[in-house]
Amino acid sequence: MSGPLIVLVGPMGVGKSTVGELLAGRLGTTYRDTDADVVAAAGKPIAEIFYDEGEEHFRELERQAVHTAVAEHTGVLSLGGGAVLDDTTRALLAGRPVVYLSMDVEEAVRRVGLNTARPLLAVNPRRQWRELMDARRHLYTEVARATVATDERTPEEVAQAVLDALELPEDGPVAPGRENTPMTEQGPTRIPIAGSAGTDPYEVLVGRQLLGELPALIGDRAKRVAVLHPEALAETGEAVRQDLAEQGYEAIAIQLPNAEEAKTVEVAAYCWKALGQTGFTRTDVIVGVGGGATTDVAGFVAASWLRGVRWIAVPTTVLGMVDAAVGGKTGINTAEGKNLVGAFHPPAGVLCDLAALDSLPVNDYVSGMAEVIKAGFIADPAILDLVEADPEGARTPTGPHTAELIERAIRVKAEVVSSDLKESGLREILNYGHTLAHAIEKNERYKWRHGAAVSVGMVFAAELGRLAGRLDDATADRHRTVLESVGLPLTYRGDQWPKLLENMKVDKKSRGDLLRFIVLDGLGKPTVLEGPDPAVLLAAYGEVSA
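Small disclaimer: the values here were computed from a predicted structure and weren't measured.

(A) Here's a closer look at unusual backbone geometry. Backbone geometry places E167, a non-glycine residue, at a positive phi of 55°. For E167, a relative accessible area of 71% corresponds to the exposed category. Phi at Y446 takes a positive value of approximately 60°, unusual for a residue other than glycine. Within the secondary structure layout, Y446 lies in the loop between α18 (434-443) and α19 (450-467). Owing to a relative accessible area of 18%, Y446 belongs among the buried residues under this scheme.

Here it is, written out as structure tokens:
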């Protein structure tokens, strides 16, 4: 019987995604999540499907997604918590290598949380959890070949228990058609981003040798393509332009200044002029090749030209891959602050070619790691475990966990922006450490690397959380050890506090004169702290003052 190597079932929050990705890595295959398929197909988060169309509509989408995935996927597959409610789905799973991941109610409440947007746990999580499990437990055991308890086990321990239960060696079997295939030929990892607020869903591809994916993303309707690139990547930009010209497009290259110097209205106007002279129309496409500053400008130019044309991000730095190119936030700087002029304009696709990192200067690579580590503190602590296991490896693209670290960080951002494109709520958590960071960057006239400023900003936010009685000492201290272990700074000049405070008052998260900070209630539990006492702010800054 062809189909998935492993199918994971179980309740929400049990860790199917985390364990599934670990299993796929150990077995040398790919991972797929039917919940992500539903989100991509519907163009909105699951919670919105429930509220807008009702549970019955969601279950039909889920049934279709499961049947398609079981027919197509040959790696590790995880199903949504309620997928087993469907009779035809249970029949489809008969005889397949299904593993039920279980947990008790106290573990469930700890993992899922009492304030998380779970459509079926909206009123009394503990009671409703028990009712859900009473209705589903026998269905999970009915379809499963084995049951693996996850209580008090790490994801790695659960993954090993699944392999043991199915008697699968870590090196195989591999998916049909992938025998003896080098990892670089297995195709990129595809991370879906759901569309929302009238935008289309798209994918972030992570792998190597990805430029061959560009023509398919650009499509047949486009006649002209503009490749925006920084001066430092002139050869790369020209190579991409030439390749697209050979594909039949009228391709031009537009060179931008390096780094933050590109993010000005003068540079944007220069790009508009080039597009106008070339006759760019609504069906034509912009491609941004470079770091976060380049993709910010490329996206903003695309958003503003003819009130919005399609664009594709090809980030070449860690920062660009895990942060700037994902989510559709585009913008330029002004004398008054960073990214104060911009638009939400998601790309048609993002190509994260890891080969681009091989030649990245070490300081630029390490700077990008600040955003990866941020994702670990706000949502995916496995990132912190990987960094702590090999800090030197985390400093270089040749490290053993490079691909996993980048993919995990992207998945964190993908999940957030799929639920909240325009920063109306949840997306604010991505600004952890950024309020002070942006103030530092402005104070340094954008000569500091973004990641360095974010590192100091996260230590400040950790101390602010601790002083506000939100964050435990161990997690606050862990910020310093993890960030320092990869070579990121922990302090800034103590005499600059008055200037930084003024800069923070024009931060995008502020409301009037009310300062707002993202802090942690615990590891992976970000929240908003509004209007903290000025004395507490000063004390927190004292902890990062050099």
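(B) Region of interest: the sheet that holds strand β6 (residues 189-193). Within the open sheet, the seven strands sit side by side as β6-β7-β14-β11-β10-β8-β9. Their pairing is mixed. Strands at the two margins of the open sheet, each flanked by one partner only, are β6 and β9 (250-256). Between one strand and the next, the sheet's axes are offset by a mean angle of 15°, whatever the strand orientation. Taken together, the four bridges between strand β7 (residues 202-207) and strand β14 (residues 349-353) define a ladder with parallel strand orientation.

(C) Molecular detail of α18. Judged by how many residues are buried, α18 sits mostly within the fold: nine of 10 residues are covered. Looking only at α18, the buried set comprises H434, T435, L436, A437, H438, A439, I440, E441 and N443. Of the surrounding secondary structure, the elements contacted by the buried residues of α18 are β13 (337-344), α14 (362-378), α19, α21 (497-504), β15 (516-520) and α22 (534-542). Positioned one or two residues after α18, R445 has a phi angle of 55°, which is positive.

(D) Helix α11 (residues 265-278), seen in detail. The first and last C-alpha atoms of α11 sit 20 Å apart over 14 residues, in line with the 20 Å expected at 1.5 Å per residue. Along α11, the residues that are buried comprise V267, A268, C271, A274 and L275. Buried positions in α11, seen along its axis, are confined to an arc of 120° and lie on one side of it. Exposed positions of α11 whose direction lies more than 90 degrees from the buried face are E266, K273 and Q277. Check the buried side of α11 and you find it contacts β8 (224-230), β9, β10 (285-290) and α12 (292-304). After α11 finishes, the residue G279 shows a positive phi value of roughly 80°.

(E) Layout of the pairing of β8. Of all seven residues in β8, seven are buried, a share of seventy percent or more. Burial of β8 is two-sided: the residues R224, A226, L228 and P230 facing one way and the residues V225, V227 and H229 facing the other way are all buried. Of the pairings in the sheet, the one linking β8 to β9 comprises seven bridges and is parallel in character. Across the sheet, the residue bridging to H229 is Q255, located in β9. Note that the unit made of β8, helix α10 (residues 234-246) and β9 has a crossover that is right-handed. The sheet contact formed by β8 and β10 spans four bridges and is parallel. Counterpart to L228 in the pairing with β10 is G288.

(F) Layout of the packing of α19 against α22. Here α19 crosses α22 at 130°, and the two axes come no closer than 8 Å. In terms of orientation, α19 and α22 fall into the oblique class. The handedness of the crossing between α19 and α22 is right-handed. Where α19 abuts α22, its residues F460, E463, L464 and L467 lie against V536, L537, A539, A540 and Y541. Its residues assigned to classes, the contact of α19 with α22 comprises eight nonpolar, no polar and one charged.

(G) Local environment of the packing of aromatic side chains. Applying the stated criterion to the full structure yields six aromatic pairs. With centroids separated by 5.3 Å and ring planes inclined at 90°, the aromatic side chains of W448 and Y492 adopt a geometry described as edge-to-face. Within this pair, whereas W448 is found in the loop between α18 and α19, its partner Y492 is found in the loop between α20 (473-485) and α21, the two being separated by 44 residues in sequence. Judged by relative accessible area, Y492 falls into the buried class, the value being 3%. Centre to centre, the rings of W497 and Y541 are 4.8 Å apart; their planes meet at 25°, and the pair counts as stacked. Taken together, the residues W497 in helix α21 and Y541 in helix α22 connect sequence positions 44 residues apart. Following the ring pairs from residue to residue traces out a cluster consisting of F460, W497, F517 and Y541.

(H) Spotlight on the side chain of K374. Structurally, the position occupied by K374 is in helix α14. If we ignore the near neighbours within four places in the chain, the residues touching K374 are D323, L430, Y432, H434 and M458.

(I) Quick peek at the nonpolar core. Counting residues in hydrophobic clusters, the biggest one holds 96 residues, and the most contacted among them are V204, I286, I373, I410, Y432 and F460. The residues contacting I373, other than those within four sequence positions of it, are I383, L384, V387, V482, L483, V486 and L488.

What counts, and where the lines are drawn
- Residues numbered from 1 in each chain as written.
- Predicted model: local features only at pLDDT ≥ 70, side-chain atom pairs only at ≥ 80, totals over all residues.
- Heavy atoms only, no water.
- Buried < 20%, exposed > 50% of the residue type's maximum accessible area, 1.4 Å probe, protein only.
- Helix = DSSP H or I, 4+ residues; strand = E, 2+ residues; numbered from the N terminus.
- Pairing = 2+ DSSP bridges.
- Axes fitted to C-alpha atoms, helices over the stretch in contact; angles between N-to-C directions.
- Contact = heavy atoms within 4.5 Å.
- Expected span 1.5 Å × (residues − 1).
- Arc of directions from axis to C-beta.
- Right-handed = clockwise from strand over helix to strand, strands pointing away.
- Parallel < 35°, antiparallel > 145°, perpendicular 65-115°, else oblique.
- Left-handed = near helix turned anticlockwise from the far one by under 90°.
- Nonpolar A, V, L, I, M, F, W, Y, C, P; charged D, E, K, R; others polar.
- Phe/Tyr/Trp six-rings, centres within 6.5 Å; stacked < 30°, edge-to-face > 60°.
- Core = buried A, V, L, I, M, F, W, Y, C linked by side-chain atoms within 4.5 Å.

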